[in-house]
Amino acid sequence: MKYPRVYLKSAKDKVVHGKHHWIFSGAVMNAPKNLKKGEIVKVYDSSSRFLGYGFYHPQNTIQIRMISFDNGDPLYTIKQNLRNSFRLRMSFFDDSQTNCFRLVNSEGDGLSGLTIDKYDDCLVWQISSAGFDLLRKELLDIILDVSRELKWKIRSIYDRSPRNARKAEGLNDSSGLVWGEEDLQEVLVIENGIKFLVDVVNGQKTGLFLDMREMRILLSEISKGKKVLNCFGYNGGFSLGAAMNNAYTTTVDISKDAIESAKYNFRLNNLDVSKHRFECADVFDFLQCENLSNYDVVIIDPPAFAKKKEDVYNAKRAYEKLNKLVFSKVKSGTIVLTCSCSFHINQDEFMSIIKRAGIQTRRKIRILSKHRMSFDHVLNLYHIENDYLKSFLLWVE
Ligand SMILES: C[S@@+](CC[C@H](N)C(=O)[O-])C[C@H]1O[C@@H](n2cnc3c(N)ncnc32)[C@H](O)[C@@H]1O
């Protein structure tokens, strides 16, 4: 197949040689007029040396998203990358213990602008690049093909594409059933041997915060028999792990639906909800009133306070306020897990915020562990931008 050619400016091909997937508009020397957003192009350096294939976008600042760095057919590369990403997960997850995980992690799997989460036999895709948006039909065929090859039974595929990312690519909102059984809205899954009922259509993110799996394992281990406060608890993930280990848990979330599903998940795992506490409340208010010296473990896993660059200043203040509230009220010898999923605040910046909160509350604090990434959220060594999640496990004296 013949693809249009795009040439980069002199010395602007370094990123491509470094196998980074994004080429910004300032690097493009010339491209044919009237290219459609998302169209596949052949990318050349200023000396007409071929560099690879990419999705072109005439308006976005990320003007090219590289598909491949060689001469192979780009659709074949996409299929091969999908196959490899499926296989990678198969080698790490035992379905009888964990059957929900991220199958495709965008650039982490060489597929810029595509994520797919697997909840048992239901897949949820998120398309945030114009390129994959144009290739929806081909993508569906490839996914079904590869699933058949690997003998994976797929019942439904849903679209939960993120609005903001799509807006940046000039794409309309997109959600709903893509393929398969229509009424498969709630899926029963298992994570680390714990059952969850997941609402893949209306739940937060694509249903579960799959990216915290390893930290949930770690916390369940250290919470044995302890009193655990799970702030921003969503559908009870951290609480369930702890409660299964005989901890007494308090789960706080502002969303009524989240608290109801946390209770449901407790029952699903034969845990007595009357022996645990569930609060539908704003964590900031709750922490003001609560006696935190009653707890041995406190988890703070808020939503991203900085969703955009412009939010960073206020977000830093909110993280500081939250951590100060906790540090100022916990007893000596409390374990605190503090997290940030704000893409625009990096690990060093987050650590500085925690340091400030510690100094201002005059607490002696040690780091027991840093964030443990989940294997399904693979990062691409050459394109590290997807590393948004930070957490520190602290010992507060
Ligand atoms: C990142 S998620 C937590 C994920 C959870 N730790 C898990 O492992 O599944 C953030 C949660 O905070 C809740 N939330 C957002 N703002 C809140 C607030 N001010 N007070 C309490 N909960 C809040 C959301 O409803 C959401 O469930």
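Residues numbered from 1 in each chain as written. Predicted model: local features only at pLDDT ≥ 70, side-chain atom pairs only at ≥ 80, totals over all residues. Heavy atoms only, no water.

### Here we look at the pairing of strand S12 (residues 186-191)
Put simply, the rule is: Following DSSP output, two strands are said to pair if at least two bridges run between them. Strands are runs of DSSP state E lasting at least 2 residues, helices are runs of H or I lasting at least 4, and numbering of each runs from the N terminus.
When S12 meets strand S13 (residues 194-199), the two strands line up antiparallel, connected through six bridges. Among the inter-strand pairings, Ile190 is bridged to a residue of S13, identified as Lys195. Hairpin connection between S12 and S13: a loop of two residues separates the two successive antiparallel strands, and Asn192 in this loop has a positive phi of roughly 50°.

### Points about the domain arrangement of the protein chain
Formally: The domain limits used here are those given by an automatic or database domain assignment. As used here, buried area is the combined drop in accessible area, with a 1.4 Å probe, of two parts when they are placed together. Salt bridges, as used here, are contacts in which a Lys or Arg side-chain nitrogen is within 4 Å of a carboxyl oxygen on Asp or Glu. Pairs of N or O atoms are called polar contacts if they sit within 3.5 Å, as long as, within protein, a hydrogen donor faces a hydrogen acceptor (for residues adjacent in sequence, only side-chain-to-side-chain pairs). In this classification, the charged set is Asp, Glu, Lys and Arg, the nonpolar set is Ala, Val, Leu, Ile, Met, Phe, Trp, Tyr, Cys and Pro, and all remaining amino acids, among them Gly, are polar.
Looking at the assigned domains, one finds that the protein chain contains domain 1 (5-68), domain 2 (74-188) and domain 3 (209-396). The C-alpha-based centres of domain 2 and domain 3 are spaced at 28 Å. Between domain 2 and domain 3, the buried area comes to about 1200 Å², and carbon and sulfur atoms account for 62% of it. The largest per-residue losses of area from domain 2 upon contact with domain 3 belong to Arg102, Asn105 and Glu107, which jointly make up 36% of the total buried on that side. Across the domain 2-domain 3 interface, the total number found is zero salt bridges. At the junction of domain 2 with domain 3, the criterion picks out six residue pairs in polar contact (both at pLDDT 80 or more). Breaking the side of domain 2 that touches domain 3 down by element, the ones donating at least two residues are helix H2 (74-92), strand S7 (100-105) and strand S8 (114-119). Sorting elements by how many residues they give to the side of domain 2 that touches domain 3 places S7 first, with four residues. Looking at the side of domain 2 that touches domain 3 residue by residue, the classes come out as seven nonpolar, four polar and five charged.

### Brief notes about the sheet that holds strand S3 (residues 28-30)
We apply this condition: Whenever a helix is involved, its axis is fitted only over the stretch in contact; in every case the axis is a line through C-alpha atoms, and angles between N-to-C directions fall within 0 to 180 degrees. Only heavy atoms matter for contacts: two residues are in contact if any of them lie within 4.5 Å across the pair.
Spatially, six strands are ordered S2-S6-S5-S4-S1-S3 in an open sheet, and the strand pairing comes out mixed. Of all strands in the sheet, those bounded by a partner on one side alone are strand S2 (22-24) and S3. Averaged over all pairs of adjacent strands, the angle between their axes in this sheet comes to 45°, without regard to strand direction. Pairing between strand S5 (residues 50-56) and strand S6 (residues 62-68): four bridges, direction antiparallel. What sits directly across from Gly54, in S6, is Met66. Running at roughly 75° to S6, H2 makes contact with strand S4 (40-44), S5 and S6 of the sheet.

### Digging into the packing of H2 against helix H4 (residues 136-149)
Rules: Any angle that falls under 35 degrees is termed roughly parallel, while one over 145 is termed roughly antiparallel, one within 65 to 115 roughly perpendicular, and all others oblique. Handedness of a crossing follows from how the near helix is turned relative to the far one, being left-handed for an anticlockwise turn of less than a right angle and right-handed for a clockwise one.
Interaxial distance between H2 and H4 falls to 10 Å at its minimum, and their mutual angle equals 45°. Looking at the two axes, H2 sits oblique to H4. Like other packed secondary-structure pairs, H2 and H4 cross with a definite hand, here right-handed. Residues Leu75, Ile78, Lys79, Leu82, Arg83, Phe86 and Arg87 of H2 lie in contact with H4, whose contacting residues are Leu139, Ile142, Ile143, Asp145, Val146, Ser147 and Glu149. Of the residues contributing to the contact of H2 with H4, the split by class is eight nonpolar, one polar and five charged.

### Here's the deal with the sheet that holds strand S10 (residues 156-160)
Reading across the sheet, the five strands line up as S7-S8-S9-S10-S11 and stay open at both edges, with mixed pairing between neighbours. For this open sheet the edge positions go to S7 and strand S11 (175-180), each flanked by a neighbour on one side alone. Taking the axes of each pair of neighbouring strands and ignoring which way they run, one obtains an average angle of 20° across the sheet. Sheet analysis places S10 next to S11, joined by five bridges and oriented antiparallel. From the neighbouring strand, Ser156 faces S11, where its bridge partner is Gly180. Together, S7 and S8 form the strand contacts of H2, whose direction differs from that of S7 by roughly 150°. In this fold H4 packs onto S8, strand S9 (122-127), S10 and S11, with an angle of close to 150° to the strand it touches most, S9.

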